[in-house]
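Letter by letter, the chains look like this.
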Amino acid sequence: MDASTATQLRQAAAAAAGGQQYPAATLYLVATPIGNLADLSLRAIHALGLADALACEDTRQGGALLRHLGLHKPLIALHQHNEREASGQVLARLAAGERVAYASDAGTPAISDPGAVLVQAVVAAGYRVLPLPGPSSAVTALSVAGDTAGQGFAFAGFLPTKAGERRTALQALLAVEGQSQIVFEAPHRIVELLALLADLAPARRVTVCRELTKQFETVHTAEAATLPAWLAEDAQRQRGEFVLVLHAQAPAAAADGELPPEALRVLGLLMVELPLKQAVALAAQISGAPRNALYEAGLALKHAPKG
């Protein structure tokens, strides 16, 4: 970006976000693009312009981001190997009344990235932490997975690298009912992971996201049994950074054909506010339980003695 364009961008950011307060002696957590620089928010650009220093996971990346915006700031290297020690440098600047921004290499700090230790130290010292939300590969992948069975999600990050521990960790994730599970993976282990998924849960639907927001972004949803062959069809599919969404497993059916307790709980809550048929329809959609069985249960609840 040339200097004129960078200036215009900063001016646009100031016009859009400058009316807010940006207090001194505050740590600003800045979410940065996961691949596409256009995803950097105007508020993040304005805050970076106001910051007296930028702490970053990699000073090369942090410096490049500032140069892209036509900014020049002191840089503090703060990564997983020195986070506690480098937090002291940030605290010293906050004590002097400065604004300090922190950015990990990509995405939102402290989400499978450094940042949590820094935040803990800053809060413990009595200073404010101000989050500037933005890109997150985990949430981006979840949004495009279309997992209608998922009632909430869990972020697992990277699985263990040792084969035994990896299998155990994946089995634990697959055993969870009702939640989408989000997993990161590196390109040199993606073949192994998809083969393991196909072995452990061949019928489970999985969304594989590769190079999110970048030029060669790929999003593919299919049953786990088909994924090793899909990956092998094109060598390009094994390159880049991966986010996987393990679609939610439906709750196990109750014994003797009974409805799962969670389905009954949902139905009861809905019946307080809605007519029976509408409550049954929504409960079936939410829980995946059979509509006929829910209707019979609803009738029983409706005519059950009160008190």
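The structure reproduced in this document is the subject of the present report. Keep in mind that this is a model prediction, so the values were computed, not measured. (Residues numbered from 1 in each chain as written. Predicted model: local features only at pLDDT ≥ 70, side-chain atom pairs only at ≥ 80, totals over all residues. Heavy atoms only, no water.)

**Regarding the sheet that holds strand E2 (residues 53-56)**
Next up, step 1: The strand order across the open sheet formed by five strands is E3-E2-E4-E1-E5, and the pairing between neighbours is parallel. Taken across any chain shown, the strands that pair with only one partner, and hence form the sheet edges, are strand E3 (75-77) and strand E5 (128-132). If you compare each strand with its neighbour and ignore which way they point, the axes differ by 25° on average.
Next up, step 2: Judged from the five bridges that link them, strand E1 (residues 26-30) and E5 form a sheet pairing that is parallel. In the strand pairing of E5, Thr26 is matched with Arg128.
Next up, step 3: Across the sheet, helix H2 (residues 42-50) touches E1, E2, strand E4 (99-103) and E5, and the angle it forms with E5 is around 140°.
Next up, step 4: Lying over the sheet, helix H3 (residues 59-68) contacts E2 and E3, oriented at roughly 155° with respect to E3. (Pairing = 2+ DSSP bridges. Helix = DSSP H or I, 4+ residues; strand = E, 2+ residues; numbered from the N terminus. Axes fitted to C-alpha atoms, helices over the stretch in contact; angles between N-to-C directions. Contact = heavy atoms within 4.5 Å.)

**Some details on a nonpolar patch on the surface**
Next up, step 1: On the surface, Ile111, Val139, Phe153 and Phe155 cluster together to form a nonpolar patch covering roughly 330 Å² of accessible area.
Next up, step 2: One can find Phe153 in strand E6 (residues 153-158). (Patch = residues over 30% accessible without salt bridge, like charges linked within 9 Å, V, L, I, M, F, W, Y side chains within 5 Å. Areas by Shrake-Rupley, 256 points an atom, 1.4 Å probe, with all protein chains shown as cover. Salt bridge = Lys/Arg side-chain N within 4 Å of Asp/Glu carboxyl O.)

**Overview of the layout of surface pockets**
Next up, step 1: Volume-wise, the largest pocket comes out at about 620 Å³.
Next up, step 2: Lining the largest pocket are 24 residues; nearest its centre among them are Ala106, Asp113, Ser137, Phe184 and Glu241.
Next up, step 3: When residues of the lining of the largest pocket are traced back to their parent elements, those giving at least two are helix H6 (137-145), strand E7 (180-185) and strand E10 (242-246).
Next up, step 4: Its residues assigned to classes, the lining of the largest pocket shows ten nonpolar, seven polar and seven charged. (1 Å grid on protein atoms, 1.4 Å probe; cavity = no way out; pocket = protein on both sides within 12 Å on 5 of 7 lines; lining within 4 Å. Points joined across faces, edges and corners; volume = space filled by probe spheres on them. Nonpolar A, V, L, I, M, F, W, Y, C, P; charged D, E, K, R; others polar.)

**Quick notes on the sheet that holds E6**
Next up, step 1: Pairing in this open sheet of five strands is mixed, and the strands run E6-E7-E10-E8-E9 from one edge to the other. Only two strands of the sheet have a single neighbouring strand rather than two, namely E6 and strand E9 (218-223). Neighbour to neighbour, the strand axes of the sheet diverge by 15° on average, direction disregarded.
Next up, step 2: As judged from the five bridges shared by strand E8 (residues 205-210) and E10, these two strands associate in the antiparallel manner. Paired with Thr207 across the two strands is Val245, which belongs to E10.

**So, the packing of helix H10 (residues 261-273) against helix H12 (residues 291-303)**
Next up, step 1: It is at 10 Å that the axes of H10 and H12 come closest, and there the two elements cross at 55°. Judged on the interaxial angle alone, H12 and H10 are oblique. As H10 runs across H12, the sense of the crossing is right-handed. Counted together, Ala263, Leu264, Leu267, Gly268 and Met271 of H10 and Leu294, Ala297, Gly298, Leu301 and Lys302 of H12 form the full contact between these two elements.
Next up, step 2: Here the contact of H10 with H12 is composed, by residue class, of seven nonpolar, two polar and one charged. (Parallel < 35°, antiparallel > 145°, perpendicular 65-115°, else oblique. Left-handed = near helix turned anticlockwise from the far one by under 90°.)

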